[in-house]
Amino acid sequence: MIVRKAEADDLQQLAILFDEYRQFYGASSQPIQSLQFLQQRFANQESVIFIHVKDDIITGFVLLYLGFSSVACSTYYILDDVYVTPHYRRQGSAKQLIDTAILFARQQNALRITLETQKTNIESQQLYEKMGFIADNQFQTYHCFIR
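No experiment lies behind these values; they were computed from the predicted model shown.

Draft legend 1. Representation of the nonpolar core in the model. Counting residues in hydrophobic clusters, the biggest one holds 20 residues, and the most contacted among them are Leu64, Ile98 and Ile113. Elements with a minimum of two residues in this core: β2 (48-54), β3 (57-69), β4 (74-84) and α3 (93-107). Contacts of Leu64, omitting those with residues within four sequence positions, involve Glu46, Ser47, Val48, Phe50, Tyr77, Ile78, Leu79, Ala101 and Phe104. Formed by 17 residues, the second largest nonpolar core is a distinct cluster that contains Ala6, Leu11, Ile51 and Tyr65.

This is the structure in structure tokens:
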């Protein structure tokens, strides 16, 4: 099992897994939209995508988006999506993906990696904390939904 940066040739296969991820969070299956979304992020260099591969099959992924801190005059990464297909869970895949994201952010001299997870997602929270992520008890998250 390896983790590597996704390439354009990976997007077709990755889109299937990305669509599975979206369904996991309640979205309807839209494989074409999933592929187009990934192709746009890739073409516009708006995301860094790492994939977990076993026997030429993409088994998981992590998407990072670049953010900026005005106060620190620095960059950081938003870990917006991490997913491992159910058959490959509990084998260290998510940890490998997140380790790679941390290493990448460190190499880019980023300030931090920020992520959000559902309050009910205790299993992921335990993994994040085990990997050095610290729960933010100082700030409250708000959203203004435009559509």
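Draft legend 2. Structural context of the packing of helix α1 (residues 11-24) against helix α2 (residues 31-43). α2 packs onto α1 with a crossing angle of 120° between their chain directions and a minimal axis gap of 8 Å. Our pair here, α1 against α2, has a crossing hand that is right-handed. Of α2, the residues touching α1 (which contributes Leu11, Gln12, Leu14, Ala15, Phe18, Asp19 and Arg22) are Pro31, Gln33, Ser34, Leu35, Phe37, Leu38, Gln39 and Phe42. Within the contact of α1 with α2, the residues separate by chemical class into nine nonpolar, four polar and two charged.

Draft legend 3. Representation of the environment of Lys95 within the structure. Here Lys95 shows up in helix α3. By relative accessible area, Lys95 is classed as partly exposed at 38%. In this structure the C-alpha to C-alpha distance between Lys95 and Ser47, which are 48 residues apart in sequence, comes to 20 Å. In this structure, Lys95 is in contact with Leu127 and Met131, ignoring residues within four places of it in sequence.

Calculation criteria
Residues numbered from 1 in each chain as written. Predicted model: local features only at pLDDT ≥ 70, side-chain atom pairs only at ≥ 80, totals over all residues. Heavy atoms only, no water. Core = buried A, V, L, I, M, F, W, Y, C linked by side-chain atoms within 4.5 Å. Buried < 20%, exposed > 50% of the residue type's maximum accessible area, 1.4 Å probe, protein only. Helix = DSSP H or I, 4+ residues; strand = E, 2+ residues; numbered from the N terminus. Contact = heavy atoms within 4.5 Å. Axes fitted to C-alpha atoms, helices over the stretch in contact; angles between N-to-C directions. Left-handed = near helix turned anticlockwise from the far one by under 90°. Nonpolar A, V, L, I, M, F, W, Y, C, P; charged D, E, K, R; others polar.

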